[in-house]
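Reading the structure
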Amino acid sequence: MALARLVERIERTLYVHYEDSFVYFFEPNFEALPPELLIKLFQYLNPSDRSAAALVCRSWYDAFRYIEFQRAVRLHIHDIEFVDNGHPLNKLMTSFRYFTDVRITKVVFGNKSEFWSEFGDGIEELTLDNCVIWKHKLVSILKYMPRLRRLHVLNCPDLFKAWKLIENTTVTWNLIMPELRHLSLARNNRFQNFHFDYLVQLAPRLDSLDVSECFSSIEARQRVLMLNHILEFVRATCDRLRHLFLAGTPIDNVFLRGLADIRALSLRSLALMVCEKIPTNEPGIIDLLRAQTGLTHLDLSKSLALNDYALIQISRSIPQLETLILNRCWMITDYGITAIKSLVRLRHIDLTNCERITDAGLVGGLFTHNRRNVRKLYLGLLTNMSDAALTKVSFEFCDLVVLDLGGCSNSINDLSIQYIFYHMTKLQELNLDCCAKVSAKSSRLGAVSCCW
């Protein structure tokens, strides 16, 4: 009965008089579809198509405002004068939209803006990248965001240059953000311990910290002091800290040894760069990897000292791993890569620029069992990979969404491209940069296949 009432609701019958008779027409009443069904249909559209569909009628617009769809849209404000009467803020201030993800790049913050009081209540993620901002302006912005969950302050040197240890005591800076879970200070070289302490104290429930690519251009003594300060923070919050990102930040074996000795630390995500040669006596990286058995995301990009032994320990100690990134780990050979055959839950594999890996390593590590779970595979700049191995990839990884083969000039040709597009029907992104053996005809065929 419920189904019959639904059909009656959305079906609209027209009887048109034509040449002394009535002709029956059926016209579906799509605007009367239930919101649950509209939301399900909208899930098959990309954000731009959903925005266009929202202009059809009020019910479609209401479905477009579903919170999960709003989280898939990012407002990016780039290189403008941040004033309410200027473009594009003057248009945004009169709109009925709200944004959960806001990214601002190369903006100089000046006078007070009503933008934050208007949209701040719905913002869950804020990124300030290469902006000119100072402490009291940052605090005045954050106070309008009670739902903020992720804060990224990237490459903002002026913030820390103007931020003094002793400030005017007549100004109150008390601010607590109970929903803030992730803080990123990546690509900032000049922040000090009191800057760091103030920002982490804003978030009493912080469980994710990103200090990637920091402290690379400061004195070694100051870098060691800051790393020790961060290590103390990890010790103090080890019961709730689950994600730690140090990719591109120079760290030594002493720091890794300190992390490994925190017995209560149980991370889900870890990113770091192993710069020094792994010592045979008390190797910090090996003990750390053995201790963090619950990791699902591991990024060791640019770890030039990472060797096969470390990769074997990863394969033995971290069975739940879903993301493994070994970009530019030049010491990894076929012997080490063969060990990842035991990581059966991998969904994201990055072996870009691991130049010592050949077909033998790929066959032994990647093709040993069903890899249907893998969605992203990066094999760029593997100059020792042959076209036979690439053909094997097209057979074994049929459910790939992203495939990076940039710089693999020895293995990419028209035939291998045809194999890829025939078997990988779910592929959305394919990188073929610097693949000189691919003809224009195959490229056009691939573009048509992806669009279809």
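Residues numbered from 1 in each chain as written. Predicted model: local features only at pLDDT ≥ 70, side-chain atom pairs only at ≥ 80, totals over all residues. Heavy atoms only, no water.

Going by the annotation in an unreviewed UniProt entry, the name recorded for the protein chain is F-box domain-containing protein, with Anopheles melas given as the source organism.

With that settled, consider the environment of L390. Relative to the helices and strands, L390 is located in helix 17 (residues 387-396). On the basis of relative accessibility, which here comes to 1%, the residue L390 falls in the buried class. It is 7.7 Å that separates the C-alpha atoms of L390 and I412, two residues lying 22 residues apart in sequence. Excluding residues that lie within four positions of it along the chain, L390 makes contacts with L405, S411, I412, S416 and I420. (Helix = DSSP H or I, 4+ residues; strand = E, 2+ residues; numbered from the N terminus. Buried < 20%, exposed > 50% of the residue type's maximum accessible area, 1.4 Å probe, protein only. Contact = heavy atoms within 4.5 Å.)

To continue, consider the confidence of the model for the protein chain. In this model, the protein chain carries an average pLDDT of 87, and 89% of its residues clear a pLDDT of 70 or more. Overall, residues 13-18 carries pLDDT values under 50, and its contacts beyond four positions in sequence, including any with other chains, amount to 15 contacts. Ignoring residues within four places in sequence, the model shows residues 447-452, a span with pLDDT below 50, making three contacts including any to other chains. (pLDDT = per-residue confidence, 0-100.)

Before going further, it helps to spend a moment on the pairing of strand 4 (residues 101-105). Most of strand 4 sits out of view: five of its five residues are buried. Of the two faces of strand 4, the one holding D101, R103 and T105 and the one holding V102 and I104 are both buried throughout. Relative to strand 4, strand 3 (residues 74-78) runs parallel, the two being bridged by five bridges. Considered in strand 4, the bridge of H78 is made with T105. (Pairing = 2+ DSSP bridges.)

In this section: helix 17. Buried within helix 17 are the following residues: A389, L390, T391, V393 and S394. Where helix 17 is buried, its residues contact helix 16 (359-366), strand 14 (376-378) and helix 18 (414-423).

Tallied over the entire structure, the rule returns 18 aromatic pairs. Here F42 and W60 contribute two aromatic rings whose centre-to-centre distance is 5.8 Å and whose plane-to-plane angle is 80°, an arrangement assigned as edge-to-face. Taken as a pair, F42 in helix 2 (residues 35-42) and W60 in helix 4 (residues 58-64) lie far apart in primary sequence, 18 residues in all. Across the pair, exposure class does not vary: F42 and W60 are buried alike. For the cation-ring pair, K135 lies above Y198, with the distance from its terminal atom to the ring centre recorded as 4.2 Å. (Phe/Tyr/Trp six-rings, centres within 6.5 Å; stacked < 30°, edge-to-face > 60°. Lys NZ or Arg CZ within 6 Å of the ring centre and 35° of its normal.)

Moving on, we come to the environment of E179. Along the chain, the position of E179 falls in the loop between helix 9 (157-161) and strand 7 (182-184). Distance in space between the C-alpha atoms of E179 and L148 is 6.0 Å, their sequence separation being 31 residues. With near-sequence residues (within four places) excluded, E179 lies in contact with P146, R147, L148, R149 and R205.

Here the focus is unusual backbone geometry. Cis geometry is found at the peptide bond from H87 to P88, where omega equals 5°. With respect to the helices, strands and loops of the structure, P88 is situated in the loop between strand 3 and helix 6 (89-92). In this model, N155 sits at a positive phi of 50°, which is unusual for a non-glycine residue. Along the polypeptide, N155 turns up in the loop between strand 6 (150-154) and helix 9.

Another point: helix 8 (residues 135-142). Within helix 8, six of the eight residues are buried, which leaves it mostly tucked inside the rest of the structure. When we look at burial in helix 8, the residues that qualify are K135, K137, L138, V139, I141 and L142. In this structure, the buried residues of helix 8 make contact with helix 7 (115-119), strand 5 (125-129), strand 6, helix 9 and helix 10 (193-201).

Let's shift gears to the pattern of salt bridges. Opposite charge on two side chains permits them to pair, given that their charged atoms come into close proximity. Counted according to the given criterion, the structure contains 17 salt bridges. Notably, a salt bridge pairs D129 with R187, separated by 3.3 Å at the nearest N-O pair. Of the two residues, D129 sits in strand 5 while R187 sits in the loop between strand 7 and helix 10, which places them 58 residues apart along the sequence. Several salt bridges converge on common partners, so that one network encompasses R257, D261, D287 and R290. (Salt bridge = Lys/Arg side-chain N within 4 Å of Asp/Glu carboxyl O.)

It is worth spelling out the environment of G407 at this point. Locating G407 in the fold gives a position in the loop between strand 15 (402-404) and helix 18. G407 sits 24 residues away from T383 along the chain, and the two C-alpha atoms are 7.4 Å apart.

Viewed as axis vectors pointing N to C, helix 11 (residues 220-236) and helix 12 (residues 253-260) meet at an angle of 5°, and their least axial separation amounts to 10 Å. Classified by the angle between their axes, helix 11 and helix 12 sit roughly parallel to one another. On the side of helix 11, the interface is formed by L227, L231, V234 and R235, while helix 12 contributes F255, G258 and L259. Classifying every residue of the contact of helix 11 with helix 12 gives five nonpolar, one polar and one charged. (Axes fitted to C-alpha atoms, helices over the stretch in contact; angles between N-to-C directions. Parallel < 35°, antiparallel > 145°, perpendicular 65-115°, else oblique. Nonpolar A, V, L, I, M, F, W, Y, C, P; charged D, E, K, R; others polar.)

Turning our eyes to something else, we now look at the packing of helix 10 against helix 11. The N-to-C vectors of helix 10 and helix 11 enclose an angle of 25°; their axes lie 10 Å apart at closest approach. One way to sum up the angle between helix 10 and helix 11 is to call them roughly parallel. Along this stretch, helix 10 crosses helix 11, giving a crossing that reads as right-handed. For the pair helix 10 and helix 11, contact is made by N193, F196, D197 and V200 and by M226, H229, I230 and F233, respectively. Per-class residue counts for the contact of helix 10 with helix 11 are five nonpolar, two polar and one charged. (Left-handed = near helix turned anticlockwise from the far one by under 90°.)

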